[in-house]
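Chain and residue survey
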Amino acid sequence: MSAAVPVTGMFDCRNAYVETLEALAAEDSRIVAVVNDSVGSSKLGKFRERFPERLINVGIAEQNMVGVGAGLANGGKVPFVSGAACFLTARALEQIKVDCAYSNANVKLCGISSGVAYGELGPTHHSIEDLAWLRTLKGLTVIVPSDPWETAEAIRWAAAHPGPVFIRLSRMPVPALPRPADARFEIGKAELLREGDDIAVIACGTLVHHALAAADLLAADGIETRVLNMATIAPFDAEAVIAAAGTGGIVTAEEHVVRGGLGGAVAECVVAERPVPVRILGFPGFLPTGSAEWLMEQHGLSAAGIAQAARDLIARRR
Amino acid sequence: MAHRAGQGHPGGDLSAADILATLYFGVMRIDPATPDAPGRDRFVMSKGHCTGALYSALARAGFFPVEELTTYLQPGSRLNGHPNRAYLPGVETNTGPLGHGLPVAVGIAVAGQIDAADYHVFVLTGDGELQEGSMWEAAMFAGHRGLGNLTAIVDRNGLQQGATTEDTNALEPLADKWRAFGWEVMEVDGHDPAALLSALAIPAERRARPLCVIARTTKGKGVSFMENQAGWHHGVPSDAQLAQAFAELDAELQA
């Protein structure tokens, strides 16, 4: 594998989102953005300058925002409906279910500042239940990009895909993941980032770089860790999970409650096909006050936390 | 249909029937042979539970065989209790939960506005449905955008599932509410074909504002024992009631 020139620094994936969306919009006049007064938090100010008639701001009204998105799709547009993930997914869940998923509408839902990105603002502003809600909706593709490259790829894929998509975006800074120069984004496929047969770590979104760092920590102890980036939560790559179960144990890590998200999806596969212990790292529920970083640290959502969970699983096995 | 299926929403079907007949056979520019034609007029059934009326209109407009109406609500039928566009051509968006159709219709109208397209968007809402907040989110935005290519028709039969709208959560003064949200408003007899035709006709010049047609209707219209009875929101006529209902409707047609 030829290694790409490493991109250093930390990135806010919203930039990759809007830059890609602007580039797509310049090529395809069907692309429109729909927002709930969230031009700033969605970083769509420049999009509005370039394409003023294609930025549709419905005001603070999420149910209408998603319904309008479905209507725009009916009228031949390719709407990117952007809002804070907490309001987009919770307030408009029935519109996402009925108007988008059940109606198979060509709507792209972009949940901004997902997970615990709004840390100190508290549980009303955290979006840590959304994967559980949305991955059960048949026909809705659910993507959780891990870095700027994958964000851009996911946006491009969504624009070209004729159907409903939810893209879970974060504002938390993440590094660009090390990838070969010829890396390709494949929807519905886990990305193997590191080989290993002692234990597997499956992560998504902001946790993927922590999973890779955890693998480094474990390697120092002589433990070879398989690291999978599960960017697509629905449809789910059961095959990769079942293969990962061959290592004898799986740790999952996600910015989500421990019920029903990535870990839940992994557990469903494993239980049915190849039962092995699964340790699900995530949040217990409504969280106390604290920064996003602090909240994640507190719940083992860090390199050290993932490594410890892996060691615990391996110890149980012996 | 409700009699054969053993369930249904005959009260609301009958209050909406004349409105649907006017739209499908007197107003809309649609072709069942090309149900996805980009320039078609759109109809969105926001009161998605009244499929008895909607399916009858779609079948008679040629979107599927009239004989298929006998499969209404039967296992595996395309004629589900609420419309599904994956099953049936002519259905623009799936509805059922109230409060969904108007936002979607607004979105279609926004697309038409951006494209300066020629098509017109019609949406039929229940009156009880206007207790849903999402309807007013959409109404506010339609007024703000000046969607002159949008007509909302309110099936104002005055009854919801258990009682009158006014006893439950009053809607009046309803016309004032729509006007305050930036709409033109017309009030018509929702069972008078000529009045409906003139209210729903697509204007040659696009309006500057969306239009709300408040159609004063009678729930259970045309069947004496159903008229204005909340109990017939959902209800199934017995054999004798069915015979009486057909006799009354036939007599009215003859008159």
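Shown above is the structure to which this text applies.
Residues numbered from 1 in each chain as written. Chains lettered and ligands numbered in written order. Predicted model: local features only at pLDDT ≥ 70, side-chain atom pairs only at ≥ 80, totals over all residues. Heavy atoms only, no water.

All names here are of chain B. The sheet built from 5 strands is open, its strands ordered β1-β2-β3-β5-β4 with parallel pairing. Each of the sheet's edge strands pairs with one partner strand only, and the pair in question is β1 (42–45) and β4 (184–189). Between one strand and the next, the sheet's axes are offset by a mean angle of 20 degrees, whatever the strand orientation. Where β4 and strand β5 (residues 211–216) come together, 6 bridges link them in parallel fashion. Bridged to V188 within β5 is A215. (Pairing = 2+ DSSP bridges. Helix = DSSP H or I, 4+ residues; strand = E, 2+ residues; numbered from the N terminus. Axes fitted to C-alpha atoms, helices over the stretch in contact; angles between N-to-C directions.)

Residues and elements named next belong to chain A. Scanning all chains against the criterion turns up 26 salt bridges over all chains. With a shortest N-O distance of 2.8 Å, R156 and E153 are connected by a salt bridge. You can see R156 and its partner E153 sitting in helix α7 (residues 148–160), 3 residues apart, about one turn around the helix. Judged by relative accessible area, R156 falls into the partly exposed class, the value being 41%. (Salt bridge = Lys/Arg side-chain N within 4 Å of Asp/Glu carboxyl O. Buried < 20%, exposed > 50% of the residue type's maximum accessible area, 1.4 Å probe, protein only.)

Attention shifts here to the packing of aromatic side chains. The tally for this structure, following the rule as stated, stands at 7 aromatic pairs over all chains. Grouped by ring-pair contacts, the aromatic residues B:W136, B:W178, B:F181 and B:W183 constitute a single cluster. Positioned above the aromatic ring of A:F51 is the side chain of A:R54, whose terminal nitrogen or guanidinium carbon lies 4.7 Å from the ring centre. (Phe/Tyr/Trp six-rings, centres within 6.5 Å; stacked < 30°, edge-to-face > 60°. Lys NZ or Arg CZ within 6 Å of the ring centre and 35° of its normal.)

Let us now look at the sheet that holds strand β4 (residues 78–84) of chain A. All names here are of chain A. Spatially, β3-β2-β4-β5-β7-β6-β12 is the arrangement adopted by the 7 strands of the open sheet, whose pairing is mixed. The open sheet has two edge strands, β3 (55–57) and β12 (232–234), and neither has a second partner. Pairwise comparison of adjacent strand axes, ignoring direction, gives a mean angle of 20 degrees for this sheet. Strand direction decides the pairing type here: strand β2 (residues 31–35) and β3, joined by 3 bridges, are parallel. The residue bridging A33 from the neighbouring strand is L55, located in β3.

With that settled, consider the interface of chain B and chain A. Across the boundary between the two partners, chain B contributes 26 residues, which contact 24 residues of chain A. Both faces considered, chain B and chain A share a buried interface measuring about 2,000 Å² in area, 51% of it formed by carbon and sulfur atoms. Counting the surface chain B buries against chain A, the share from its top three residues, B:H100, B:E137 and B:F141, is 27%. Across the contact surface, chain B and chain A share 1 salt bridge. The residue A:K77 makes a salt bridge to B:D115 at a minimum N-O spacing of 2.5 Å. The interface formed by chain B and chain A includes 12 residue pairs in polar contact (both at pLDDT 80 or more). Listing elements by their share of the side of chain B that touches chain A, those giving two or more residues are α4 (101–115) and α5 (133–145) of chain B. With 9 residues, the top contributor of residues to the side of chain B that touches chain A is α4(B). (Contact = heavy atoms within 4.5 Å. Buried area = accessible area lost by both parts, 1.4 Å probe. Polar contact = N/O pair within 3.5 Å; in protein donor to acceptor, adjacent residues only side chain to side chain.)

Following A:A234, the chain continues to A:P235 via a peptide bond in cis, the omega torsion being -5 degrees. On the secondary structure map, A:P235 appears in the loop between β12 and α9 (238–245). Non-glycine residue B:A116 carries a positive phi angle of around 50 degrees. Within the secondary structure, B:A116 is located in the loop between α4 and β2 (121–126).

All right, on to the packing of α9(A) against helix α10 (residues 262–273) of chain A then. Residue and element names in this part refer to chain A. In contact at an axis separation of 9 Å, α9 and α10 are set at 65 degrees when each is read in the N-to-C sense. When the axes of α9 and α10 are compared, the crossing they make is right-handed. Contacts from A238, V241, I242 and A245 in α9 reach V266, C269, V270 and E273 in α10. Grouping the constituent residues of the contact of α9 with α10 by class yields 7 nonpolar, no polar and 1 charged. (Left-handed = near helix turned anticlockwise from the far one by under 90°. Nonpolar A, V, L, I, M, F, W, Y, C, P; charged D, E, K, R; others polar.)

Residue and element names in this part refer to chain B. Looking at helix α8 (residues 193–200), one finds that the buried residues are L196, A199 and L200. In a view along the axis of α8, the buried residues occupy a sector of 85 degrees, so they form one face of it. Residues of α8 that are exposed and angled more than 90 degrees away from the buried face: A194 and S198. Where α8 is buried, its residues contact α2 (10–27), β2, β3 (150–156), β4 and β5. (Arc of directions from axis to C-beta.)

Counting 76 residues, the largest nonpolar core has A:L109, A:I250, B:L102, B:V106, B:L150 and B:W178 as its most contacted members. Mapped onto the domain boundaries, this core takes at least three residues apiece from domain 1 (10–175) and domain 2 (191–317) of chain A. Not counting chain neighbours up to four residues away, the residues in contact with B:V106 comprise A:V68, B:A138, B:F141, B:A142, B:L147 and B:L150. (Core = buried A, V, L, I, M, F, W, Y, C linked by side-chain atoms within 4.5 Å. Domains from an automatic or database assignment.)

Residues and elements named next belong to chain B. Helix α3 (residues 51–60) packs onto α2 with a crossing angle of 25 degrees between their chain directions and a minimal axis gap of 8 Å. Considering their axes alone, α2 and α3 lie roughly parallel with respect to each other. α3 is crossed by α2, and the crossing has right-handed handedness. Residue-level contacts link D13, L20, Y24 and F25 of α2 to T51, G52, A53, L54, A57, L58 and R60 of α3. (Parallel < 35°, antiparallel > 145°, perpendicular 65-115°, else oblique.)

Purely geometric numbers; function is a separate question.
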